[in-house]
Amino acid sequence: PDTDAKIVDMKTGSDLRAGEIGELVVRGPQVMRGYWNRAEETSQVLRDGWLYAGGLARMDSDGFFQIIDRKKDMILAGTYNVYPRDVEEVLYENPKVFEVAVTSVSHGDSAQTVKAYVVLKKGEMATPEEFIEFCRERLEGYVVPKLVEFRDQLPKTFVGKVFKRRLEEEKPEKG
């Protein structure tokens, strides 16, 4: 009760129309007032009573919200936004895939490239080109991973989720 939610443009903060992807913001009596003794961090997530929690979402015409990804996970591929979850869902359609994580790999400048880390099912074999082609058939060109790295396992957080930040912090390997 008494909770408002909306989708806003990540750069301008202006309200977006139904169907557009942006940042989900909420306000209401249950929203925190700020981080204890951390004014700078509070100012980054609380603005004019709205909590900017970092979730990318879209609202449908009936007012229902669909969470797309985390803002921190979004990849800036040139002028395009790439949502790792979209690429991961396509890769999970491949019957050889046991587990997958998609992250960005930064170049010297601000350019980012899409990279997929794939754990194959036991007994399966594949090439990076095979997965790149698999994605090319299902995704727009700018979304297709440029690099594919095979792993025996992916790093996990203490709750069992893939620890993408650890993958991003590693020294890049050729895929």
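Check the entry above for the structure.
Here we summarise the structure given alongside this text. As the structure is a computational prediction, the values presented were derived from the model and not from experiment.

1. Side note on the packing of aromatic side chains
Move 1: For the structure on display, the rule yields two aromatic pairs.
Move 2: Look at Tyr80 and Tyr142: their rings are 4.0 Å apart centre to centre, the planes differ by 15 degrees, and that puts the pair in the stacked class. Placement of Tyr80 in strand β7 (residues 80-82) and of Tyr142 in the loop between α3 (128-136) and β10 (147-150) is noted, with a sequence separation of 62 residues between them.
Move 3: Since its relative accessible area comes to 42%, Tyr80 is described here as partly exposed.
Move 4: One Lys or Arg, Arg38, reaches over the ring of Tyr35 and ends 4.7 Å from the middle of that ring.
Move 5: Over the ring of Tyr52 we find Arg47, and its NZ or CZ is 3.8 Å from the ring centre.

2. Brief notes about unusual backbone geometry
Move 1: Notably, Asn37 is not glycine yet its phi reads approximately 60 degrees, a positive angle.
Move 2: Along the chain, the position of Asn37 falls in the loop between β2 (22-27) and α1 (39-45).
Move 3: The phi torsion at Asp48 lies on the positive side, around 50 degrees, for a residue other than glycine.
Move 4: Exposure remark for Asp48: the relative accessible area of 77% places this residue in the exposed category.

3. Description of α3
Move 1: Among the residues making up α3, those that are buried are Pro128, Phe131, Ile132, Phe134 and Cys135. What you see down the axis of α3 is that its buried residues fit within an arc of 160 degrees, all on one side.
Move 2: Where the residues of α3 are buried, they touch α2 (84-92), β8 (97-106), β9 (112-120) and β10.

4. Thoughts on the sheet that holds β10
Move 1: Pairing within the open sheet is mixed, and its three strands lie in the order β8-β9-β10. Edge positions in the sheet fall to β8 and β10, since each of these pairs with one other strand and no more. In this sheet, neighbouring strand axes are inclined to one another by 25 degrees on average, regardless of whether the strands run parallel or antiparallel.
Move 2: By the bridge criterion, nine bridges tie β8 to β9 in an arrangement that is antiparallel. Residue pairing for β9: Ser104 is matched across the bridge by Val114.
Move 3: Along the sheet, α2 makes contact with β8 and β9, crossing β8 at roughly 150 degrees.
Move 4: Its contacts with the sheet put α3 on β8, β9 and β10, and the angle it makes with β10 is roughly 130 degrees.

5. A word on the pattern of salt bridges
Move 1: Enumeration over the complete set of coordinates arrives at 14 salt bridges.
Move 2: Between Glu88 and Lys164 there is a salt bridge, with the nearest N and O atoms lying 2.7 Å from each other. Here Lys164 lies in helix α4 (residues 164-169) and Glu88 lies in helix α2, a separation of 76 residues in the sequence.
Move 3: By relative accessible area, which is 12% here, Glu88 ends up buried.
Move 4: A relative accessible area of 15% means that Lys164 is categorised as buried.
Move 5: Put simply, Glu93, Glu137 and Arg138 are held in one network by salt bridges that share partners.

6. Section: the pairing of strand β5 (residues 65-70)
Move 1: Pairing of strand β4 (residues 50-59) with β5 involves five bridges; the strand directions are antiparallel. Note on β5: the bridge partner recorded for Met59 is Phe65.
Move 2: In sequence, β4 turns back onto β5 through a hairpin of five residues, with Gly63 there showing a positive phi of about 90 degrees.

7. Focus on α2
Move 1: Among the residues making up α2, those that are buried are Pro84, Val87, Glu88, Val90 and Leu91. Projected down its long axis, α2 carries its buried residues within an arc of 160 degrees, all on one side.

So, how was this worked out
Residues numbered from 1 in each chain as written. Predicted model: local features only at pLDDT ≥ 70, side-chain atom pairs only at ≥ 80, totals over all residues. Heavy atoms only, no water. Phe/Tyr/Trp six-rings, centres within 6.5 Å; stacked < 30°, edge-to-face > 60°. Helix = DSSP H or I, 4+ residues; strand = E, 2+ residues; numbered from the N terminus. Buried < 20%, exposed > 50% of the residue type's maximum accessible area, 1.4 Å probe, protein only. Lys NZ or Arg CZ within 6 Å of the ring centre and 35° of its normal. Arc of directions from axis to C-beta. Contact = heavy atoms within 4.5 Å. Pairing = 2+ DSSP bridges. Axes fitted to C-alpha atoms, helices over the stretch in contact; angles between N-to-C directions. Salt bridge = Lys/Arg side-chain N within 4 Å of Asp/Glu carboxyl O.

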